[in-house]
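Observations on chain architecture
So the chains spell out like this:
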Amino acid sequence: MINKIVNSAKEAVAGIFDGATVMISGFGEAGSPVELIHALVDQGAKDLTVVSNNAGSGHVGLAALIENRQVKKILCSFPRTAISVVFPELYRAGEIELELVPQGTLAERIRAGGAGVPAFYSPTTVNTPLAEGKEIREFNGRQYVMEEAIHADFALVKCSAADKYGNLIYNKTARNFGPVMCMAAKTTIVQAKQVVELGSIDPEHVVTPGIFVHRVVEISNPADESKLVAENVKYHGIRQ
Amino acid sequence: MINKIVNSAKEAVAGIFDGATVMISGFGEAGSPVELIHALVDQGAKDLTVVSNNAGSGHVGLAALIENRQVKKILCSFPRTAISVVFPELYRAGEIELELVPQGTLAERIRAGGAGVPAFYSPTTVNTPLAEGKEIREFNGRQYVMEEAIHADFALVKCSAADKYGNLIYNKTARNFGPVMCMAAKTTIVQAKQVVELGSIDPEHVVTPGIFVHRVVEISNPADESKLVAENVKYHGIRQ
Amino acid sequence: MESDNKNIGWSTSEMAQKVAMDIYDGAYVNLGIGIPEMVAGFIPEGREVIYHTENGLLGMGHVAEIGGEDPELVNAGKKYVTAIPGAAYFHHADSFAMIRGGHIDICVLGAYQVSEEGDLANWSTGNPNDIPAVGGAMDLVAGVKTIFVITKHTTKTGESKIVKQCTYPLTGKNVVSRIYTNYAIIDVRDKQLYVRELAPGVSFEFLQKHTEATLNQ
Amino acid sequence: MESDNKNIGWSTSEMAQKVAMDIYDGAYVNLGIGIPEMVAGFIPEGREVIYHTENGLLGMGHVAEIGGEDPELVNAGKKYVTAIPGAAYFHHADSFAMIRGGHIDICVLGAYQVSEEGDLANWSTGNPNDIPAVGGAMDLVAGVKTIFVITKHTTKTGESKIVKQCTYPLTGKNVVSRIYTNYAIIDVRDKQLYVRELAPGVSFEFLQKHTEATLNQ
């Protein structure tokens, strides 16, 4: 029988291996699966390639994962925020790699990964340094750059409600990268503010159909990452 | 001020010109905008290129448009149904062109048109006659065919409810091609079973955001196309 | 070749039952139009299977009861169906993202011909008088992880449908994993055919005699 | 070049107001982070404009009031905002489909440099000590129908931001339609710059003197 609900964040992130590619939802703090990321800090997998729009703020969530030296490389559109301290320091020290990807290209490359499209053409970055080394091709008199799909071994995603089939709905702009990341990972791990009965999400309102989701953990009182950042909280993992 | 509601199907289809490319939503009868199509029959634009999953059933809707000799060419995945009589006859007589496109490729090419992606690679049709003349390219050891975006001058789409901004929701499997067609047309024309007040569609539940929609007409009692077909109704337009 | 012997082998229902036995608990399944649809009726107790229909529904239920038909709730074969609790509706591009992206576990399809190497021909007989129509078949064989074919072993005129090379236009190359016929269940592995199970009354020799392709025991 | 004369030209608010005057009724608009956000406050009465924020909201309202902030309702600048009746939420791929697909009418962005031909540099100064960050800027300039730039005419050190050739890394080539500075409004047409309006107290000669690029009257 199908039941994707697991009992803890620890159980949810089990099996994430050294060297894995991990997508992490969120646009800044909105939609960032803080509890899952902290469970991954505890779990300790290293040499990770992370795909996420930003590179974390303060010393919690993705920033804590980076600070714990678990991330080898990050693909993101905007690693610099007013309160990002961890990534800039490691980046300047040459201790973390960065692949800078425009935000829309990042979203579309992830969707392509989920949709079985190995590559597509985009007008974004043509004639800019970010197109360097990429194939340029003309369609109808305009130039486009070829962009390849991004796949992941795991996705860590935050949503507002989930059922045991893994159907998801999101809250407002916390939706952002969640739906496409769910599609593009071999194992999609979701933290839901609420686990609801099968049938309580109207089939017309489902945003991520359960087929894209493998594990769901209920985190009914997720931390407000922006508050943790403002309070300068540091997450060092339970082993320290 | 923004108000996309028009008063009649006639007004909704105004300006569709000879030679235009017109997308028509629907999977068989489900989601087919019968009243808009009939208004287009009345309006009389000809030499149309139609993009639709099927080629019409019986003598109503898309079949009536074809029977009225307004369609020069059709792009579809499945022109043959148990009760399609009009298209097969004209096709065999060489009086209508067909571009046969696999269903998923059709959907993705339309989405690409709406998303500003001029072309993408797909595994579908590789090593089949439908890949003939198309570019084949290898990614990660597998072969893919390059598929180009489809754009339209107009889209005729059926939905269940709309507001004056053009936000749409659909009913069950009548959703099918509607959302991607709305994205890919210069002018998207929608028939809604119900026009509702701004704000009565929850922003979380909107399927097609209003930016993709240009004209909405309320057709509160749309014909059940499958019934019309079963009853062998013929639509010849109001001018005949 | 001699014509189909009606007295031996499995009935269509038995074939569908055999397919159903191979659909595991928790699988996401797409059933082709026609005989493949019968498979849903035979899933063993205790297994939960979620059906995808490519026209935009995951969690398709049984066929609608008379009087309960909704013309806007149909399956890929345009039959009136139902949705289970926990279902989801989506548009066509999202639906085929599930297919092309490798998210559907099993697809069961009919066939005109299957080749030794697992090539499938099921969309066109190549007859120039036929209206060409492909629907979602090419997307399904290109995208779904495992393709099961359910088909009569021979045509009405007794010709083998399991052939050395397909003579009909291909739906996909090297795509079929397993073939369920009225005579046998046959696996495609490393571009060769292996008989997995023989129907009652069917010997390997009989099977090979009715099969153009080379079979392995 | 001499430094910016504080006594002549438009204030930042006046610049935003000038941009607002050029945003037509019914437009779908994306406002960049920072000064461009000010434009929303100056849309003339009677015009209805719908704001898109690329992190997944069409129909963004004003900034959230104190106490009414929702950490899951933010704009592209990560400010707490609100949604208007008739708004819609969507995921990032759909959001950038709106941008890349040419559905957004107007985008207002800041600039480091704009060239004579309408090239824009606004994401990187090329300083190797800066952390590179691009966000959605390249997608916006490549996809939105009309790009307005709002910027001080010169840098803090008095150098022209309107240049013959951008020396900073490009965001996009031939993408800017109109430039709003504290000194003037300048159109980019056929890869040339045309002065559309001069701020009070600014003469064409003064403007040209403070502009590296060649201006046309």
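Up top you'll find the structure we're talking about.
Let me sum up the structure you'll find in this document. Predicted model, so just to flag it, every value in this text is computed and none were measured.

Quick word on the overall build of chain C
Across its full length, chain C carries 4 helices and 13 strands. Taken against the 2.2 N^0.38 rule, which gives 17 Å for 217 residues, the C-alpha radius of gyration of chain C at 17 Å falls within 12% of a compact globule. The principal-axis extents of the C-alpha atoms in chain C amount to approximately 50 × 40 × 35 Å. When burial is assessed residue by residue, chain C has 59% of its 217 residues classed as buried. Entry remark: accessible area of chain C is about 8,500 Å², with carbon and sulfur atoms responsible for 49%.

Some remarks on the overall build of chain A
A tally of regular secondary structure across chain A gives 7 helices and 12 strands. Since a compact globule built from 240 residues should have a radius of gyration of about 18 Å, the 18 Å found for chain A is in line with a globular shape. Every one of the 240 residues in chain A was classed for burial, and the buried ones make up 65%. Sequence-distant contacts in chain A: of pairs separated by 6 or more residues, those separated by 24 or more amount to 76%. Accessible surface, chain A as shown: approximately 8,300 Å² in total, 46% of it carbon and sulfur. Charge centroids of chain A, computed over 23 positive and 26 negative side chains, lie 0 Å from each other.

Observations concerning the pattern of salt bridges
Should the charged atoms of two oppositely charged side chains come close, the side chains can pair. Following the criterion strictly, the structure yields 40 salt bridges over all chains and no others. Glu99 of chain A is paired through a salt bridge with Lys73 of chain A; the nearest N and O atoms lie 3.6 Å apart. You can see Glu99 of chain A sitting in strand 5 (residues 97-100) and its partner Lys73 of chain A sitting in strand 4 (residues 71-76), a full 26 residues away along the chain. Put simply, Asp70 of chain C and Lys172 of chain B hold a salt bridge, and the shortest N to O gap is 3.1 Å. Here Asp70 of chain C, found in the loop between strand 3 (57-63) and strand 4 (81-89), pairs with Lys172 of chain B, found in the loop between strand 10 (168-169) and helix 6 (178-184), and the two come from separate chains. Take Asp70 of chain C: its relative accessible area is 19%, and that puts it in the buried class. Given a relative accessible area of 23%, Lys172 of chain B falls into the partly exposed group. One salt-bridge network, held together by shared partners, links Asp22, Arg178, Asp187, Arg189 and Arg196 of chain C.

Some words on the interface of chain B and chain C
Counting from both sides, the interface comprises 45 residues of chain B and, opposite them, 37 residues of chain C. When residues of chain B are sorted by the area they lose upon contact with chain C, Phe27, Lys172 and Thr173 of chain B head the list and together hold 18% of the total. Taken together, the links from chain B to chain C amount to 2 salt bridges. Across the pair Lys158 of chain B and Glu72 of chain C runs a salt bridge, and its minimum N-O distance is 3.3 Å. Our count for the contact surface shared by chain B and chain C stands at 20 residue pairs in polar contact (both at pLDDT 80 or more). If you list the elements that add at least two residues to the side of chain B that touches chain C, you get helix 4 (86-92), strand 5 (97-100), helix 5 (103-115) and helix 6 of chain B. If one sorts the elements of the side of chain B that touches chain C by residue count, helix 5 of chain B sits on top with 6 residues. Tallied by class, residues from the side of chain B that touches chain C come to 19 nonpolar, 17 polar and 9 charged.

Some details on the packing of aromatic side chains
Inspection of every chain in the model, using the stated rule, returns 15 aromatic pairs over all chains. Aromatic pair Tyr112 of chain C and Tyr168 of chain C: ring centres 5.8 Å apart, planes at 85°, arrangement edge-to-face. Linking Tyr112 of chain C in the loop between strand 5 (106-109) and strand 6 (113-115) with Tyr168 of chain C in the loop between strand 9 (162-163) and strand 10 (176-180), this pair joins segments that are 56 residues apart in sequence. Judged by its relative accessible area of 30%, Tyr168 of chain C is partly exposed. Arranged with centres 5.1 Å apart and planes meeting at 75°, the rings of Tyr183 of chain D and Phe206 of chain D form a pair that is edge-to-face. Of the two residues, Tyr183 of chain D is situated in the loop between strand 10 (176-180) and strand 11 (184-189) and Phe206 of chain D in helix 4 (residues 204-209); the sequence distance between them amounts to 23 residues.

Quick look at helix 5 (residues 103-115) of chain A
Here helix 5 of chain A spans 18 Å end to end across 13 residues, near enough to the 18 Å set by a 1.5 Å rise per residue. Where burial is concerned, most of helix 5 of chain A is hidden: 13 out of the 13 residues are buried.

Some details on the sheet that holds strand 7 (residues 120-121) of chain D
Pairing is mixed in the open sheet, where 3 strands are placed in the order 7-6-9 (chain D). Every interior strand has two partners, whereas the edge strands, strand 7 and strand 9 (162-163) of chain D, have only one.

Quick word on the nonpolar core
The tendency in soluble globular proteins is for nonpolar side chains to be buried as a group. Core analysis: the biggest nonpolar cluster contains 205 residues, and Ile110 of chain A, Ile110 of chain B, Ile23 of chain C together with Ile23 of chain D have the highest contact counts within it. In this view, Ile110 of chain A contacts Met23, Val51, Ile150, Phe177, Val180, Met181 and Ala184 of chain A; residues no more than four positions away in its chain are not counted.

Comments concerning empty space enclosed by the protein
Per the counting criterion, the structure on display carries 6 cavities of 30 Å³ or more. As a volume, the largest cavity reaches approximately 540 Å³. Along the walls of the largest cavity sit 32 residues, with Val207 of chain B, His91 and Asp94 of chain C together with His91 and Asp94 of chain D positioned nearest its centre. Going through the elements one at a time, helix 6 (178-184) of chain A, helix 6 of chain B together with helix 2 (92-100) of chain C are the ones with two or more residues in the lining of the largest cavity. Residue contributions to the lining of the largest cavity peak at 3 residues, all from helix 6 of chain B.

Considerations on the sheet that holds strand 6 of chain C
Residue and element names in this part refer to chain C. Strands sit in the order 7-6-9 across an open sheet of 3 strands; the sheet is mixed. Only two strands of the sheet have a single partner each, and these edge strands are strand 7 (120-121) and strand 9. Where strand 6 and strand 9 come together, 2 bridges link them in parallel fashion. Bridge assignment links Ser115 to a residue of strand 9, and that residue is Val163.

A short note on the interface of chain A and chain D
Taken residue by residue, the interface counts 45 residues in chain A and 37 residues in chain D. Around 3,400 Å² of area is buried between chain A and chain D when both sides are counted, 62% of it from carbon and sulfur atoms. If you sort the residues of chain A by the area they bury against chain D, Phe27, Lys172 and Thr173 of chain A come out on top, with a joint share of 18%. Where the side of chain A that touches chain D is concerned, the elements lending two or more residues are helix 4 (86-92), strand 5, helix 5 and helix 6 of chain A. No other element matches the 6 residues that helix 5 of chain A contributes to the side of chain A that touches chain D. Here the side of chain A that touches chain D is composed, by residue class, of 19 nonpolar, 17 polar and 9 charged.

Concerning the packing of helix 5 of chain A against helix 2 (residues 92-100) of chain D
Contact pair helix 5 of chain A / helix 2 of chain D: the axes reach a minimum separation of 9 Å and the direction vectors enclose 125°. Classified by the angle between their axes, helix 5 of chain A and helix 2 of chain D sit oblique to one another. Here helix 5 of chain A and helix 2 of chain D pass one another in a crossing that is left-handed. Between helix 5 of chain A, through Gln103, Gly104, Thr105, Ala107, Glu108 and Arg111 of chain A, and helix 2 of chain D, the contact on the second element is made entirely by His92, Ala93, Phe96 and Arg100 of chain D. For the contact of helix 5 of chain A with helix 2 of chain D, the per-class residue count stands at 3 nonpolar, 4 polar and 3 charged.

Thoughts on the environment of Gln143 of chain A
Residues and elements named next belong to chain A. Among the secondary structure elements, Gln143 is positioned in strand 8 (residues 142-148). Residue classification places Gln143 among the partly exposed residues on the basis of a relative accessible area of 37%. Measuring from C-alpha to C-alpha, the distance between Gln143 and Val126 comes to 6.9 Å, with 17 residues separating the pair along the chain.

Remarks on the state of the cysteines
Enumeration according to the criterion identifies 0 disulfides over all chains in this entry. With no disulfide of its own, Cys159 of chain A lies 7.8 Å from the sulfur of Cys182 of chain A, the closest cysteine sulfur. Judged by relative accessible area, which is 5%, Cys159 of chain A ranks as buried. The cysteine Cys166 of chain D is free of any disulfide, with Cys107 of chain D supplying the nearest cysteine sulfur at 16 Å.

Concerning the side chain of Ser160 of chain C
All names here are of chain C. Tracing the chain through its elements places Ser160 in the loop between strand 8 (146-150) and strand 9. A distance of 2.7 Å separates a polar side-chain atom of Ser160 from the backbone oxygen of Ile162. Here Glu212 takes part through its backbone nitrogen, which lies 3.0 Å from a polar atom of the side chain of Ser160.

Re the pairing of strand 7 (residues 136-139) of chain B
Residue and element names in this part refer to chain B. Examined bridge by bridge, strand 7 and strand 8 (residues 142-148) share 4 bridges and lie antiparallel to one another. Within the sheet, the bridge partner assigned to Ile136 lies in strand 8 and is Val145. Taking the residues that link successive antiparallel strands as the turn, the strand 7-strand 8 hairpin has 2 residues, and the phi of Asn140 there is positive, at about 50°.

Calculation notes
- Residues numbered from 1 in each chain as written.
- Chains lettered and ligands numbered in written order.
- Predicted model: local features only at pLDDT ≥ 70, side-chain atom pairs only at ≥ 80, totals over all residues.
- Heavy atoms only, no water.
- Helix = DSSP H or I, 4+ residues; strand = E, 2+ residues; numbered from the N terminus.
- Rg over C-alpha atoms; globule rule 2.2 N^0.38 Å.
- Buried < 20%, exposed > 50% of the residue type's maximum accessible area, 1.4 Å probe, protein only.
- Areas by Shrake-Rupley, 256 points an atom, 1.4 Å probe, with all protein chains shown as cover.
- Contact = heavy atoms within 4.5 Å.
- Lys, Arg positive; Asp, Glu negative; His and termini not counted.
- Charge placed at Lys NZ, Arg CZ, Asp CG, Glu CD.
- Salt bridge = Lys/Arg side-chain N within 4 Å of Asp/Glu carboxyl O.
- Buried area = accessible area lost by both parts, 1.4 Å probe.
- Polar contact = N/O pair within 3.5 Å; in protein donor to acceptor, adjacent residues only side chain to side chain.
- Nonpolar A, V, L, I, M, F, W, Y, C, P; charged D, E, K, R; others polar.
- Phe/Tyr/Trp six-rings, centres within 6.5 Å; stacked < 30°, edge-to-face > 60°.
- Expected span 1.5 Å × (residues − 1).
- Pairing = 2+ DSSP bridges.
- Core = buried A, V, L, I, M, F, W, Y, C linked by side-chain atoms within 4.5 Å.
- 1 Å grid on protein atoms, 1.4 Å probe; cavity = no way out; pocket = protein on both sides within 12 Å on 5 of 7 lines; lining within 4 Å.
- Points joined across faces, edges and corners; volume = space filled by probe spheres on them.
- Axes fitted to C-alpha atoms, helices over the stretch in contact; angles between N-to-C directions.
- Parallel < 35°, antiparallel > 145°, perpendicular 65-115°, else oblique.
- Left-handed = near helix turned anticlockwise from the far one by under 90°.
- Disulfide = S-S within 2.5 Å.

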